[in-house]
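A structural walkthrough
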Amino acid sequence: MVASTVNGSGSQSANLVLTRAVFEMGIPVAPKNLFPSNIEGLPTWFHLRANSAGYRAGRRQADLMVALNRATFAADVARLGPEAVLVYEEAFGPAPLVDGAPGHVYGLPFARLARETVPNPDLRKYLVNMIYVGVVAEILGIPEEALERALAHQFRTKPKAVAANRDAIHLGADYFRNHVERSDALRLEPLRATGGQRLLEGNQAAALGAIMGGCTVLAWYPITPSSSLAEYLIGFADRYRGDPESGARRMATIQAEDELAAAGMVLGAGWAGARAMTTTSGPGISLMAEFIGLGYYAEVPGVFVDVQRVGPSTGLPTRTMQGDLEFAYSLSHGDTRHPVLLPGTVGECFEFLQAAFDLADRLQTPVFVLSDLDLGMNLWMTDPLPYPERPFDRGKVLNKADLDRLEKFERYRDVDGDGITWRTLPGTPHPLAAYFTRGSGHDEAARYTESDAAYTRVVDRLARKLETGRGMLPAPELQEAGSQVGIIAFGSSHHAVVEARDLLAAEGLTTDYLRLRALPSAAAVGEFVSRHDRVHVVEQNRDGQLWRILQLELGPELAGRLRSVRHYDGLPLFAEDVVAGIRAQEPARRKEPLRAVAGGSS
Amino acid sequence: MVASTVNGSGSQSANLVLTRAVFEMGIPVAPKNLFPSNIEGLPTWFHLRANSAGYRAGRRQADLMVALNRATFAADVARLGPEAVLVYEEAFGPAPLVDGAPGHVYGLPFARLARETVPNPDLRKYLVNMIYVGVVAEILGIPEEALERALAHQFRTKPKAVAANRDAIHLGADYFRNHVERSDALRLEPLRATGGQRLLEGNQAAALGAIMGGCTVLAWYPITPSSSLAEYLIGFADRYRGDPESGARRMATIQAEDELAAAGMVLGAGWAGARAMTTTSGPGISLMAEFIGLGYYAEVPGVFVDVQRVGPSTGLPTRTMQGDLEFAYSLSHGDTRHPVLLPGTVGECFEFLQAAFDLADRLQTPVFVLSDLDLGMNLWMTDPLPYPERPFDRGKVLNKADLDRLEKFERYRDVDGDGITWRTLPGTPHPLAAYFTRGSGHDEAARYTESDAAYTRVVDRLARKLETGRGMLPAPELQEAGSQVGIIAFGSSHHAVVEARDLLAAEGLTTDYLRLRALPSAAAVGEFVSRHDRVHVVEQNRDGQLWRILQLELGPELAGRLRSVRHYDGLPLFAEDVVAGIRAQEPARRKEPLRAVAGGSS
Amino acid sequence: MAVAPPRVNVLGLSRDDYKGLATTLCAGCGHNSITNHVVKALYDHGVDPYRLAKMSGIGCSSKATAYFVERAHAFNGVHGRMPALTTGAAAANRQLLLFGISGDGDTASIGLGQFCHLLRRNVDCTYVVENNGVYGLTKGQFSATADIGSVQRKGSINELETIDIAGLAVELGASFVARSFSGDGAQLVPLIRAALAHRGTAVLDVISPCVTFNDHEGSTKSYRYLKEHDVVLHDLDFIPRQEEIEVEYEEGTQTEVELHDGSRLRLRKLGREHDPRDRLAALQVLDQGRRQGEVVTGLLYVNPEAADLCSRERLPEVPLRDLGEEELRLTREQFAALQQEW
Amino acid sequence: MAVAPPRVNVLGLSRDDYKGLATTLCAGCGHNSITNHVVKALYDHGVDPYRLAKMSGIGCSSKATAYFVERAHAFNGVHGRMPALTTGAAAANRQLLLFGISGDGDTASIGLGQFCHLLRRNVDCTYVVENNGVYGLTKGQFSATADIGSVQRKGSINELETIDIAGLAVELGASFVARSFSGDGAQLVPLIRAALAHRGTAVLDVISPCVTFNDHEGSTKSYRYLKEHDVVLHDLDFIPRQEEIEVEYEEGTQTEVELHDGSRLRLRKLGREHDPRDRLAALQVLDQGRRQGEVVTGLLYVNPEAADLCSRERLPEVPLRDLGEEELRLTREQFAALQQEW
Ligand SMILES: Cc1ncc(C[n+]2csc(CCOP(=O)(O)OP(=O)(O)O)c2C)c(N)n1
Ligand SMILES: Cc1ncc(C[n+]2csc(CCOP(=O)(O)OP(=O)(O)O)c2C)c(N)n1
Ligand code: SF4
Ligand code: SF4
Ligand SMILES: [Mg+2]
Ligand SMILES: [Mg+2]
């Protein structure tokens with residue numbers, strides 16, 4: 001289903017009620033919000049996928065559209081197939097059908113209904129959207145209890161609002177039932193496929209991950225689509241980190257003056273021993289480049305979350321992409337390389353944020369977590385998040401007692417042979433504790449030096465350290481059944497790949513699948529590729545960034561087996577895109593082509 | 001020859017006199033200054049290579065050392081071979097020989113001589129260095145006329161200083177002649193191998209290139225080793241761009257508050273139609289990341305010179321490296337790629353700066369020029385620079401008269417099919433002229449849009465534009481004689497490679513050579529590699545950045561032929577390093593190993 | 001009956017010639033009012049659209065350059081970095097009339113350093129800050145100009161000192177500093193015209209309520225707060241160079257500031273005494289206002305004689321971008337002679 | 001004959017315990033004098049070296065943190081970004097005594113935005129600017145604090161307005177602002193001690209001549225210029241909390257400022273009248289000095305009550321970095337309940 005509305009018009013809560021109601025029917029849902037970079041008045045589309053298979057990617061084609069934005073009406077209608085149902089504001093005039101599509105068209109007087117029943121114009125703006133919830137509920141046959149539970153959930157903090165919204169829903173449902181002659185047969189059947197599941201945004205899960213991972217310093221600067229992560233985190237800190245007795249709050253949440261400063265605050269806090277993070281998007285990553293280089297070379301921990309949007313530059317701030325991968329992976333001038341975690345699900349947003357803090361502490365370096373707008377800002381069905389069973393791993397830190405036992409402490413001496421050296425925290429009361437942290441040349445004892453030999457030793461060790469880190473990263477997830485064709489994907493692309501594999505299998509092409517969850521890539525990736533003739537690297541950027549990285553990490557021999565499947569129009573990846581991209585690079589299997597996929601422009 | 005002194009002690013002019021005097025003997029010289037990131041009091045080394053073959057790289061081992069820095073005395077002496085000559089301040093006490101090396105040791109009372117003859121202590125500080133010039137001149141047999149010409153050149157703006165300096169030189173020479181019994185047979189024979197040549201720093205040549213290339217706006221922030229480029233440029237502007245009548249100066253030279261601002265000023269000026277540039281080093285490049293992405297996506301010309309030093313972070317500010325290649329090439333978040341020019345000689349610093357302005361205007365995008373400290377801050381022998389014979393190529397700019405002839409102007413419409421669109425400059429008095437420049441989503445008519453289709457069209461065209469650009473870049477230089485082994489190098493590495501090829505040839509390994517002069521790489525690179533079994537990519541960074549880039553640009557089939565030879569200790573690349581790096585990856589050819597190369601720590 | 005001819009300005013252009021695209025900002029946003037005042041000022045002033053170049057950063061405010069004078073070039077840069085772009089453009093072509101619109105987040109948070117250095121260089125431009133105390137475009141976080149104690153829509157309180165853009169500009173020695181209110185066109189229009197006539201950076205700190213995120217009770221940047229706490233220093237008349245003064249006022253009640261191009265701004269005192277040529281007085285009047293919770297508006301400080309960037313750089317009148325090989329390259333003789341020195 | 005016991009401070013540490021590595025700065029550099037005064041102040045004040053954390057940016061000045069208290073941790077960051085690092089460190093461990101040293105290029109050129117925002121947050125630290133008007137480390141270019149009209153060593157003249165770090169800090173509402181001179185230890189040592197006692201950002205703008213690049217005729221940051229134009233506002237005595245006042249002075253000639261920790265700074269007037277609790281007065285005295293080419297030194301402004309970052313963030317006294325799973329994670333019950341909401 002697609003609801004095409006105008007932003008700032010309050011359609012958000014209507015869409016959430018609808019989503020939740022379908023979910024309450026036991027039907028897996030996958031909602032996606034396509035909104036503009038604007039506060040009020042521009043087109044916005046809400047896509048709701050409901051399917052028994054539980055696919056979580058969106059679809060380009062809708063079965064049902066609610067068209068309430070006059071500006072995009074014609075374009076919206078043009079995207080519908082012959083079987084689709086169109087519900088629209090009848091005041092727009094007759095719907096401009098294309099070759100008789102869509103097949104089922106219902107014009108309804110939404111505005112008039114709202115006007116007649118809701119005298120307060122401020123309220124009306126919101127309730128008009130609930131009217132279409134009623135209409136859709138009627139069409140799809142969403143039961144009353146499901147709607148009721150959805151309303152109760154949506155307005156849990158202001159239960160007084162339930163009645164008015166329920167009335168609006170009924171108004172829509174009743175009007176449709178009484179005035180419209182249906183020609184379609186669209187209907188949702190209740191299932192039992194959502195038991196125990198939760199609906200959660202990636203940014204929300206990541207924020208909780210940060211809390212459970214022991215983050216105590218957040219420094220951030222607002223930027224879509226990462227702001228909500230920070231705001232959720234602040235909310236959790238207010239709620240769970242407050243000390244009722246002293247009034248103190250066990251977390252600092254600093255809104256910095258920009259991303260450059262935010263990165264510096266993270267490093268300052270990480271150096272002083274706190275678990276610190278920032279969250280940003282592409283432009284912020286660019287601004288953090290200098291500080292990340294300092295963190296790399298001076299070996300300061302910090303967690304840097306990039307909820308990616310479409311670049312370059314300001315790009316499309318409210319559209320999704322996986323375009324910062326190469327840039328983040330070796331951010332800053334000179335020879336650098338950083339661990340990058342690649343959550344693909346809401347559960348992993350939760351899990352990897354925790355892991356990131358352990359990794360940053362253990363590797364003493366900036367660690368990136370690359371999410372994206374699709375994963376971060378949309379609701380996703382997920383299993384309940386697991387309570388962390390392990391304590392924090394703070395890595396190699398020497399405290400006073402440790403130092404008492406030692407004769408000597410050198411900050412950058414590789415005593416364990418793993419490239420990771422021991423550190424002390426400022427404030428450690430011991431004569432051996434202090435060392436000098438700097439981004440300029442230093443030797444093992446953290447002394448300033450311009451010595452060629454010392455420089456080389458240090459940067460060679462940094463490379464070694466990352467090799468050690470490789471083994472600490474989340475391993476790839478494999479699904480293999482002996483096919484000659486493989487797929488590699490990461491992050492939010494996962495969901496379209498899952499569905500695409502089923503579609504391909506239906507066409508006769510079974511595929512194996514490796515989901516990459518971190519860089520540098522694990523040895524298992526090379527092994528996977530070596531077991532396949534062709535491996536399609538699916539990703540959401542123009543330049544095939546992961547494909548490029550893997551060519552280098554796997555070496556020329558395996559690189560030749562990699563194919564690049566790229567999607568980069570800012571819309572979430574659809575299964576059809578993956579299928580089309582892979583099919584174009586596979587030897588023909590069947591005669592008849594799959595039905596053409598509309599290059600829908602939303 | 002190596003002179004080991006203390007910085008801030010005025011050894012610079014002594015070294016220049018010595019260099020020039022040898023040059024005046026007709027002997028090719030290659031001076032290199034290894035100085036600390038400090039103003040006064042830390043060790044500095046001056047290397048002067050004089051050789052009939054005209055090799056311009058340095059050598060790790062010195063035949064003659066002047067040791068005037070007590071702090072590094074022992075280490076300096078330890079670097080000398082058994083044949084070497086050591087001249088040192090006798091007050092340091094007996095030289096700490098290692099196995100009888102160096103073979104020829106002359107302690108001289110430099111400080112005492114200076115004290116006795118120069119009463120003014122400020123002056124004395126400078127003149128003590130001239131005393132060692134005299135000593136060296138005496139040892140090497142540098143004729144009086146050569147010294148005289150060198151002095152005249154060095155003090156051309158303050159000829160009064162010549163006499164005192166000459167006296168100091170004589171003092172040194174006389175003292176050595178009269179008091180020292182020579183055991184060595186070191187001597188320089190005059191040649192005629194420098195006729196018509198000039199001695200010039202890369203930064204100086206680049207500054208003149210900017211002037212001749214029509215640069216009118218310089219925005220910069222001081223940073224070693226790029227500051228002198230800006231300062232030379234300001235000097236040229238003052239001298240050659242002033243209008244004696246009006247007092248006006250046809251160039252703006254703005255010292256920005258930081259590199260981020262400098263980049264913005266360049267883009268602001270480039271957008272407004274001026275030829276604008278900045279010059280910086282690694283940390284500055286990091287700070288420019290966001291603006292470069294804007295320049296890429298909004299298609300604004302600008303020239304960005306990176307005189308590279310050792311990273312990451314502040315690194316070794318006064319040491320040389322080629323470590324920013326990958327970072328600059330795709331600077332900024334999202335999918336980006338920028339033309340990068342790679343001058344390898346002083347002549348090319350001059351030539352490529354001019355070319356960069358043409359390219360930036362023609363491609364309407366930020367263009368990088370990557371030089372380095374070795375090339376930029378050392379003096380190099382060069383043929384005279386050629387006067388530019390071609391006018392500026394300002395690219396596709398429509399003025400009022402052009403617009404009068406047109407019915408329509410769309411800023412980002414690819415009317416010529418080469419990916420390059422036409423632009424107008426602000427201030428063009430025509431109703432069609434204006435357009436809206438932005439780093440957010442835009443369509444062909446420069447209108448704001450979030451359309452997936454428009455976005456894709458624009459970024460696909462940007463990729464096409466760079467393909468067009470590939471053909472405009474300086475072509476690689478080839479030296480081929482049918483060997484199976486090739487070498488690829490760029491920038492200042494060139495000089496060590498030239499010498500290394502001779503050394504390898506002497507060992508029986510003839511090599512072909514491709515000197516890369518720009519990225520994206522030309523088709524000729526792939527062709528070169530396909531003609532060779534193994535191609536050694538020689539470069540000065542830890543991660544083999546060019547090697548990585550070429551693997552991707554050449555594709556997996558050719559990538560397997562590439563070998564990586566890396567040098568990254570901050571010292572200029574020596575021929576021995578290249579030889580050792582290549583030999584280690586070539587099947588053994590000879591039994592006896594080459595004499596071991598000291599891993600000198602300077 | 002003859003139709004009245006459309007009203008035109010000195011350039012023969014109608015007010016419509018100064019319009020831009022339809023706004024996409026929220027209905028009622030202060031920024032939209034400012035756009036209207038800008039249109040009026042540019043029209044009244046007879047600004048040549050082809051000489052105009054509209055500069056901005058990122059934010060709701062920064063979008064506003066799309067909503068006036070469609071026929072002028074515009075550069076909507078990156079967040080907080082309008083000053084650098086403007087500086088470069090000014091150097092490239094000193095004939096351009098650079099007109100910048102920024103937000104308080106854009107100027108006082110991320111862009112603060114660049115803003116200060118722009119003032120220091122006195123780049124010839126008009127610099128309007130559409131100051132609403134919040135980040136509109138990213139949905140209502142406090143900006144650095146939020147007043148201490150001011151309340152966010154969701155209830156949280158700003159605990160940090162405000163950055164007073166006007167006070168900061170005066171302290172830094174800016175050559176033209178005014179404060180105004182989006183709702184006060186009578187004040188803002190002459191101020192914009194004076195800014196256009198000024199050579200150097202003219203800062204207009206214009207309080208511009210964000211109706212969506214910062215117009216509630218407890219906000220010090222709401223319409224209501226402004227209506228109650230706006231202390232207008234003087235009535236303003238802008239008198240173009242050509243025009244003669246028409247009316248005479250009582251002694252001592254008015255002063256005039258002659259601007260760079262010979263035009264004048266006439267100030268008629270309203271209660272409070274203030275001489276806008278006195279820097280310390282400007283700091284004083286702002287300090288006093290700050291302590292009393294007032295928003296003091298009017299021309300705070302002006303120094304019409306301060307040299308601007310292009311004068312200091314001794315640039316020629318002809319735009320640098322128009323110079324060719326002849327003017328820019330060394331002659332063959334100079335080139336040969338220079339190489340003899342090496 | 002018994003050897004006199006080494007002199008020690010309240011912690012039983014000798015002055016040598018506050019020393020650092022040998023300086024690598026030029027002989028005669030003002031920064032070296034400041035280092036000596038810092039050592040004395042830290043020693044006199046009885047600062048625990050293990051609680052001290054030395055912060056800096058990049059520049060000759062920023063190197064100076066290596067030259068005192070070797071036993072304290074130090075973070076020599078990137079150019080101009082000491083404020084952000086310091087802010088993060090303060091949040092992570094509010095028990096640290098953050099002591100920052102920066103340069104004028106570091107603070108007023110590249111770092112200006114961060115500096116202003118640090119003041120706005122009132123991060124608890126001492127912030128010394130070793131102000132020489134030039135970029136020492138990159139060999140003598142003008143910085144943003146160079147005075148207008150001041151002459152560079154090679155003869156070129158600075159044509160831009162100076163950024164007055166102290167004036168700017170006062171205007172921005174900083175809670176502690178002083179100016180001093182590297183050559184005036186009698187003034188600087190008590191100011192540093194007061195800065196240490198202050199809770200919040202204490203800015204010390206210390207003129208510190210660069211003997212290599214900015215100590216010539218025509219420089220307004222030279223020793224000679226300072227000797228001639230330094231206008232000292234008051235004699236200063238720092239009185240630790242424990243100590244009683246010893247001497248009584250004539251009525252009206254002295255004021256006392258009580259600092260956050262109960263210690264006091266006693267000011268004995270020298271000619272000019274100045275109350276360091278009056279913000280406008282501080283702007284005035286600076287403005288006056290600026291107009292007369294004077295370098296006014298002393299405590300310009302202090303507000304001992306202003307809340308610092310950690311108080312505003314309501315951080316616990318125990319360093320955040322010391323908290324464990326217990327204090328930081330939701331309980332199993334909270335965790336389960338939270339998920340019920342989704
Ligand atoms: C580098 C960067 N960081 C963050 C953002 C996100 N962003 C866009 S506008 C904005 C704030 C705008 O606030 P303001 O300048 O006050 O303008 P307003 O919307 O209030 O008019 C932010 C933080 C961005 N575009 N770029
Ligand atoms: C990002 C960046 N840009 C430029 C530099 C080069 N740089 C090093 S120190 C310095 C200026 C230092 O001036 P100041 O802060 O006044 O310190 P001083 O040396 O005068 O004490 C500059 C420009 C750098 N290290 N990093
Ligand atoms: S969000 Fe606020 S600032 Fe932005 S357009 Fe709406 S009212 Fe204006
Ligand atoms: S160059 Fe100047 S600032 Fe730097 S150490 Fe020398 S005297 Fe001090
Ligand atoms: Mg705002
Ligand atoms: Mg300085």
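Scroll up for the structure.
An account of the accompanying structure is given in this report.

Some remarks on the overall build of chain A
The number of helices and strands found in chain A is 21 helices and 21 strands. In terms of overall size, chain A behaves like a compact globule, its C-alpha atoms giving a radius of gyration of 26 Å where 602 residues would be expected to give roughly 25 Å. Dimensions of chain A, computed from C-alpha atoms along their principal axes, come out at roughly 90 × 65 × 40 Å. Sequence separation of at least 24 residues holds for 75% of the intrachain contacts in chain A that already meet a minimum separation of 6. A total accessible area of about 19400 Å² is found for chain A, and carbon and sulfur atoms account for 51% of it.

Let's talk about the site of ligand 4
Taken together, the residues surrounding ligand 4 are B:I39, D:L25, D:C26, D:C29, D:H31, D:C60, D:N132, D:C210, D:V211, D:T212 and D:F213. In this structure, ligand 4 sits where chains B and D come together, each supplying nearby residues. Along the lines of polarity and charge, the residues of the shell around ligand 4 split into eight nonpolar, three polar and no charged.

What about the side chain of B:T320?
Residues and elements named next belong to chain B. Structurally, the position occupied by T320 is in the loop between β11 (302-308) and α12 (325-329). From its side chain, T320 meets the backbone nitrogen of L373 in a polar contact 3.5 Å long. Separated by 3.1 Å, the side chain of T320 and the backbone nitrogen of D374 make a polar contact.

Here we look at the packing of aromatic side chains
Tallied over the entire structure, the rule returns 33 aromatic pairs over all chains. Among the aromatic side chains, those forming a connected cluster through ring pairs are A:F73, A:Y88 and A:F92. Positioned above the aromatic ring of B:Y329 is the side chain of B:R337, whose terminal nitrogen or guanidinium carbon lies 5.4 Å from the ring centre. Here the basic side chain of D:K54 rests over the ring of D:F68, its NZ or CZ set 5.5 Å away from the ring centre.

Observations concerning empty space enclosed by the protein
Computed from the structure, the largest cavity encloses a volume of approximately 350 Å³. Forming the walls of the largest cavity are 28 residues, and the residues nearest its centre are A:E326, A:F327, A:S330, B:E326 and B:S330. Considered class by class, the residues forming the lining of the largest cavity number eight nonpolar, 10 polar and 10 charged. Lining the second largest cavity are 19 residues; nearest its centre among them are A:D258, C:R81, C:I110, D:R81 and D:I110. Among the elements of the structure, α5 (112-121) of chain C together with α5 (112-121) of chain D are those that each provide at least two residues to the lining of the second largest cavity. The residue inventory of the lining of the second largest cavity, partitioned by class, reads six nonpolar, seven polar and six charged.

Observations concerning the coordination of the magnesium ion (ligand 6)
Six octahedral donors around a metal ideally subtend angles of 90 or 180 degrees, whereas four tetrahedral donors ideally subtend 109.5 degrees. Residues and elements named next belong to chain D. The coordination sphere of the magnesium ion (ligand 6), as far as protein atoms go, consists of D104 (OD), N132 (OD1) and V134 (O), spread over 2.1 Å. Mapped onto the sequence, the residues coordinating the magnesium ion (ligand 6) show the spacing D-x27-N-x1-V. Each member of the pair, N132 as well as V134, is classed as buried.

Remarks on the nonpolar core
In this structure, A:I488 and B:I488 are the most contacted members of the largest nonpolar core, which totals 224 residues. Apart from residues no more than four positions distant in its own chain, B:I488 is found in contact with B:L514, B:L516, B:V525, B:F528, B:V529, B:V535, B:H536, B:V537, B:V538, B:L546 and B:L550.

Side note on the pairing of strand β7 (residues 198-201) of chain B
Residues and elements named next belong to chain B. Residue alternation in β7 divides its side chains into two sets, R198 and L200 and L199 and E201, and both sets are buried. Strand direction decides the pairing type here: β7 and strand β14 (residues 379-382), joined by four bridges, are antiparallel. Paired with E201 across the two strands is L379, which belongs to β14.

Points about the site of ligand 2
Taken together, 24 residues are adjacent to ligand 2, and B:E259, D:C60, D:S61, D:G105 and D:D106 come closest. Chains contributing residues to the immediate surroundings of ligand 2 are chains A, B and D. Take D:D104: an N or O atom from its side chain is 2.8 Å from an oxygen atom of ligand 2. Residue D:G136 places a main-chain N or O atom 2.8 Å away from an oxygen atom belonging to ligand 2. When isolated, ligand 2 has an accessible area of 590 Å², and the protein chains bury 98% of it. Elements that contribute at least two residues to the shell around ligand 2 include exactly α10 (282-287) of chain B together with α2 (60-63), α4 (104-109) and β5 (134-135) of chain D. The element contributing the most residues to the shell around ligand 2 is α4(D), with three residues. Tallied by class, residues from the shell around ligand 2 come to 11 nonpolar, nine polar and four charged.

Some remarks on the interface of chain B and chain A
How large an interface is tends to be reported as the accessible area lost when its parts come together. Counting residues at the interface gives 66 residues for chain B and 66 residues for chain A. Carbon and sulfur atoms supply 55% of the area buried between chain B and chain A, which totals about 5600 Å² over both sides. Three residues stand out in chain B for area buried against chain A, namely B:H333, B:D335 and B:R542, and they jointly supply 14% of the buried area on that side. Put simply, B:R319 and A:E450 hold a salt bridge, and the shortest N to O gap is 3.9 Å. One can count 34 residue pairs in polar contact (both at pLDDT 80 or more) joining chain B with chain A. Split by residue class, the side of chain B that touches chain A holds 25 nonpolar, 27 polar and 14 charged.

What about the pattern of salt bridges?
If charged atoms from side chains of opposite charge come close, those side chains can pair. For the coordinates displayed, the defined rule picks out 134 salt bridges over all chains. Between B:K400 and B:D404 there is a salt bridge, with its nearest N and O atoms 3.3 Å apart. Remark: B:D404 and B:K400 occur in helix α15 (residues 400-405); sequence separation between them is four residues, near one turn of the helix. Among the salt bridges present, the one from D:R94 reaches D:E317, with a minimum N-O distance of 3.8 Å. Here the residue D:R94 occupies a position in the loop between α3 (82-92) and β3 (97-103), and D:E317 occupies one in the loop between α10 (309-312) and α11 (325-328), the gap between them amounting to 223 residues. A relative accessible area of 17% means that D:R94 is categorised as buried. Here the residues in one salt-bridge network are C:D164, C:R179, C:D205, C:D287, C:R290, C:R291, D:E171 and D:R279, joined through shared partners.

Focus on the interface of chain C and chain A
Counting from both sides, the interface comprises 22 residues of chain C and, opposite them, 18 residues of chain A. In this assembly, chain C packs against chain A so that about 1400 Å² is buried in total across both faces, 54% of it on carbon and sulfur atoms. Contact with chain A buries area across many residues of chain C, yet C:T24, C:I110 and C:Q141 alone supply 28% of it, more than any other trio. Joining chain C to chain A, the criterion identifies one salt bridge. Run the count over chain C and chain A and you get eight residue pairs in polar contact (both at pLDDT 80 or more).

Re helix α6 (residues 161-179) of chain A
Residue and element names in this part refer to chain A. Over its 19 residues, α6 extends 27 Å from the first C-alpha to the last, a length consistent with the 27 Å expected when each residue adds 1.5 Å. Taken together, the buried positions of α6 are V162, N165, A168, I169, G172, A173, Y175 and F176. Residues of α6 that are buried sit in contact with α1 (11-24), β6 (104-108), α3 (110-117), α4 (121-140) and α5 (144-154).

Cut-offs applied
Residues numbered from 1 in each chain as written. Chains lettered and ligands numbered in written order. Predicted model: local features only at pLDDT ≥ 70, side-chain atom pairs only at ≥ 80, totals over all residues. Heavy atoms only, no water. Helix = DSSP H or I, 4+ residues; strand = E, 2+ residues; numbered from the N terminus. Rg over C-alpha atoms; globule rule 2.2 N^0.38 Å. Contact = heavy atoms within 4.5 Å. Areas by Shrake-Rupley, 256 points an atom, 1.4 Å probe, with all protein chains shown as cover. Near = heavy atom within 4 Å. Nonpolar A, V, L, I, M, F, W, Y, C, P; charged D, E, K, R; others polar. Polar contact = N/O pair within 3.5 Å; in protein donor to acceptor, adjacent residues only side chain to side chain. Phe/Tyr/Trp six-rings, centres within 6.5 Å; stacked < 30°, edge-to-face > 60°. Lys NZ or Arg CZ within 6 Å of the ring centre and 35° of its normal. 1 Å grid on protein atoms, 1.4 Å probe; cavity = no way out; pocket = protein on both sides within 12 Å on 5 of 7 lines; lining within 4 Å. Points joined across faces, edges and corners; volume = space filled by probe spheres on them. Donors = N, O, S within 2.8 Å, 3.2 Å for Na, K, Ca; no water. Buried < 20%, exposed > 50% of the residue type's maximum accessible area, 1.4 Å probe, protein only. Core = buried A, V, L, I, M, F, W, Y, C linked by side-chain atoms within 4.5 Å. Pairing = 2+ DSSP bridges. Buried area = accessible area lost by both parts, 1.4 Å probe. Salt bridge = Lys/Arg side-chain N within 4 Å of Asp/Glu carboxyl O. Expected span 1.5 Å × (residues − 1).

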